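Residue-level structure breakdown
Residue-level listing of the chains:
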Amino acid sequence: GPPVARPRSAYRYPVALARLLVAWVYVSNGLLIVRFGGWRFFDADNLPAQFVAASLGNLNETHFRTAFWLISYRHYVPPLLGAVVAWAILFPLGYFWKPTRPLFLAMGVLVHIGVALLFNKIYFVQMAMFLVFFDWVAIGSRVRHFPGIAAIMDWWSRLDRKSVV
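Residues numbered from 1 in each chain as written. Predicted model: local features only at pLDDT ≥ 70, side-chain atom pairs only at ≥ 80, totals over all residues. Heavy atoms only, no water.

**Observations regarding the overall build of the chain**
Regarding its fold elements, the chain presents 8 helices and 0 strands. Along the chain, helices and strands appear, N-terminal first, in the series α-α-α-α-α-α-α-α. Residues classed as buried in the chain amount to 25% of the 165 residues present. In the chain, of all internal contacts separated by at least 6 residues, the share reaching a separation of at least 24 is 69%. (Helix = DSSP H or I, 4+ residues; strand = E, 2+ residues; numbered from the N terminus. Buried < 20%, exposed > 50% of the residue type's maximum accessible area, 1.4 Å probe, protein only. Contact = heavy atoms within 4.5 Å.)

**Some words on helix α1 (residues 12-37)**
Taking 1.5 Å as the rise per residue, α1 with 26 residues should run 38 Å; its terminal C-alpha atoms sit 37 Å apart, in good agreement. Three or more residues of α1 are buried, namely Arg19, Val22, Ala23, Tyr26, Val27, Gly30 and Gly37. For α1, the elements touching its buried residues are α3 (77-89), α4 (91-96), α5 (101-118) and α6 (124-130). Immediately beyond the C-terminal end of α1, within one or two residues, lies Gly38, with a positive phi of roughly 60°. (Expected span 1.5 Å × (residues − 1).)

**With respect to the pattern of salt bridges**
When the charged atoms of two side chains lie near each other, side chains of opposite charge can form a pair. All told, the structure shown has 2 salt bridges when counted by the stated rule. Taking the shortest distance from any N to any O, the salt bridge between Arg74 and Asp45 comes out at 2.8 Å. Of this pair, Arg74 sits in the loop between α2 (46-56) and α3 while Asp45 sits in the loop between α1 and α2, placing them 29 residues apart in sequence. Of the charged contacts, one joins Arg144 and Asp154 as a salt bridge, the two residues approaching to 2.7 Å between their closest N and O atoms. Residue Arg144 is located in the loop between α7 (136-143) and α8 (149-163), and its partner Asp154 is located in helix α8; the two are separated by 10 residues in the primary sequence. (Salt bridge = Lys/Arg side-chain N within 4 Å of Asp/Glu carboxyl O.)

**As for the side chain of His112**
Tracing the backbone shows His112 in helix α5. Those residues within four positions of His112 in sequence are excluded, and the remaining contacts are Tyr26, Gln126, Met127 and Phe130.

**Quick word on the nonpolar core**
Grouped together as the largest cluster of nonpolar side chains are 13 residues, with contacts concentrated most on Phe41, Phe42, Leu47, Phe51, Leu70, Val77 and Leu81. Elements with a minimum of two residues in this core: α2 and α3. If one sorts the elements of this core by residue count, α2 sits on top with 4 residues. With residues near it in sequence (within four places) discarded, Leu70 still touches Pro48, Phe51, Val77 and Leu118. (Core = buried A, V, L, I, M, F, W, Y, C linked by side-chain atoms within 4.5 Å.)

**Things to note about the confidence of the model for the chain**
With 86% of its residues at a pLDDT of 70 or more, the chain shows a mean pLDDT of 83. When the elements of the chain are averaged for pLDDT, α8 gives the smallest value, 74, and α3 the largest, 94. (pLDDT = per-residue confidence, 0-100.)

**Quick word on the packing of aromatic side chains**
This model, assessed by the stated rule, comprises 16 aromatic pairs. Here the aromatic rings of Phe91 and Phe133 are separated by 4.8 Å at their centres, their planes lie at 70°, and the arrangement is edge-to-face. Residue Phe91 is located in helix α4, and its partner Phe133 is located in the loop between α6 and α7; the two are separated by 42 residues in the primary sequence. For the pair Phe91 and Phe133, one class covers both residues: buried. With a centroid separation of 5.7 Å and 80° between ring planes, the pair formed by Phe130 and Phe134 is classed as edge-to-face. Judged by relative accessible area, which is 3%, Phe130 ranks as buried. Site record: aromatic cluster; members linked through ring pairs are Tyr26, Trp87, Phe91, Tyr95, Phe96, Phe104, Phe130, Phe133, Phe134 and Trp136. Lying across the ring of Tyr95, Arg101 places its NZ or CZ 4.8 Å from the centre. (Phe/Tyr/Trp six-rings, centres within 6.5 Å; stacked < 30°, edge-to-face > 60°. Lys NZ or Arg CZ within 6 Å of the ring centre and 35° of its normal.)

Written out as C-alpha cells, the structure is:
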C-alpha cells in the first residue's frame, strides 16, 4: 500500500531523549572532573603533562604532536580548563536555552577537536553522539541549493519515502 505519512513531531520524542542522555554524559563528566580531580586538575602543569605523555605513547590512533605546544602556553590552561568544565556542567542549560545554543554547540565542536589534537586520541563515539544536537533537517534545507547537494538530498528523500511503511 501507499506509505504512511508521519508528522515530523513523531521523531522529536526519541531525539529529545537522546539529547537529554548525551547532555547528562557531559554534565556527569564535568562533575566527576571536579569531584575526583579537585583544584589540582586546573593546575597549569597537570593537563599539558598528561597530553604530552599521551602523545609519546606508541599505541595511539594518531600521531599528533600538538600537546607539546601547550608547554610554553601552560599559563593559559587553567582558565581554558575552567571554561571547558563549566561548558560540560552547564551544557543542558546552554543547549536547551535557544539564545546560547549556537555558542554551546560551537564550543562543543572545539572541545572535541581539541581533545583529538591535544590528547592524541580520537573518541569517535563521543564525537558521533554530539551530532544528535544538530538540527539536520534545518541544515539540509540551508545547504540544499549548493551544487550536487540537491541531487543527493532528492535521492535520499526518494529512498526515505520508499522505506516508510
